[in-house]
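Architecture and fold: a report
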Amino acid sequence: MRADAWLVVVDMQNVFAQGSPWASPDYATASAGIRRLMPAFGERVVFTRYVAPAQPRGAWVDYFEQWPFALVPREDPLYAFTPEIAPGRHPVVTCETFGKWGLELKAALHGASEIVLTGVSTDCCVISTALPAADDGVHVIVPTDACAGASAADHQRALDAMALYAPLIELATVDGLLG
């Protein structure tokens, strides 16, 4: 890992924590891994936050017919960060899309050429952020124990898919990055 790499913390929110229909069963594991990584990055940490669109359009209409619980205002506690992993002074990029890679996240990263991508869910928002970042020429490191999927099997399938993009995307562990 480069000394100037940035930590990107994807969507560590109540909507993906225990008690939600979108809960990741290994959310606590991902949270613990992220909390271990954060001190190593100092100020070079960016959080992302998913919120549902106020008015779904296109394919999102059908999607939210299946998940109506999530169609709440962006200020709803459902979209708040869980207390143990709140961003504090770090910047937050809020998006109405699963993938967070775009102009706002790139600006928050100040031109970083390498990111350590963590959070939930591996099989949705993490992979949807990793692939376009890698396409954009950013080296992406995914610590497998600082991410969590909709299930253990979904987590592993997403990791296996991202591993196909080596060396653009590299899988690692928290211990390996901190060691």
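This is a predicted model, so every value here is computed, not measured.

Scanning the model with the defined rule gives 7 salt bridges in all. The salt bridge involving Asp175 is made with Arg36; its shortest N-O contact spans 2.5 Å. Of the two residues, Asp175 sits in helix α6 (residues 174–178) while Arg36 sits in helix α1 (residues 27–41), which places them 139 residues apart along the sequence. The exposure class assigned to Arg36 is partly exposed, which follows from its relative accessible area of 42%. With a shortest N-O distance of 2.7 Å, Glu43 and Arg89 are connected by a salt bridge. Of this pair, Glu43 sits in the loop between α1 and β2 (45–50) while Arg89 sits in the loop between α2 (59–66) and β3 (92–95), placing them 46 residues apart in sequence. Under the relative-accessibility criterion, Arg89 is labelled exposed at 61%.

Sequence positions flagged by UniProt for "domain: Isochorismatase-like" (unreviewed entry) are, in local numbering, residues 6–170. A distance of 15 Å separates the end C-alpha atoms of residues 6–170, which is 33% helix and 19% strand.

Turning to the packing of helix α4 (residues 122–135) against helix α5 (residues 152–163), a few remarks are in order. Relative to each other, α4 and α5 sit at 15°, their axes nearing to 9 Å. Comparing their axes, α5 and α4 come out roughly parallel. For the pair α4 and α5, the crossing hand works out as right-handed. Judged by residue contacts, Thr122, Asp123, Val126, Ile127 and Ala130 of α4 engage Asp154, His155, Ala158, Leu159, Ala161 and Met162 from α5. The residue inventory of the contact of α4 with α5, partitioned by class, reads 7 nonpolar, 2 polar and 2 charged.

Here is what the cut-offs are and how they apply
Residues numbered from 1 in each chain as written. Predicted model: local features only at pLDDT ≥ 70, side-chain atom pairs only at ≥ 80, totals over all residues. Heavy atoms only, no water. Salt bridge = Lys/Arg side-chain N within 4 Å of Asp/Glu carboxyl O. Helix = DSSP H or I, 4+ residues; strand = E, 2+ residues; numbered from the N terminus. Buried < 20%, exposed > 50% of the residue type's maximum accessible area, 1.4 Å probe, protein only. UniProt positions renumbered as here; feature names shortened; annotations may be inferred. Axes fitted to C-alpha atoms, helices over the stretch in contact; angles between N-to-C directions. Parallel < 35°, antiparallel > 145°, perpendicular 65-115°, else oblique. Left-handed = near helix turned anticlockwise from the far one by under 90°. Contact = heavy atoms within 4.5 Å. Nonpolar A, V, L, I, M, F, W, Y, C, P; charged D, E, K, R; others polar.

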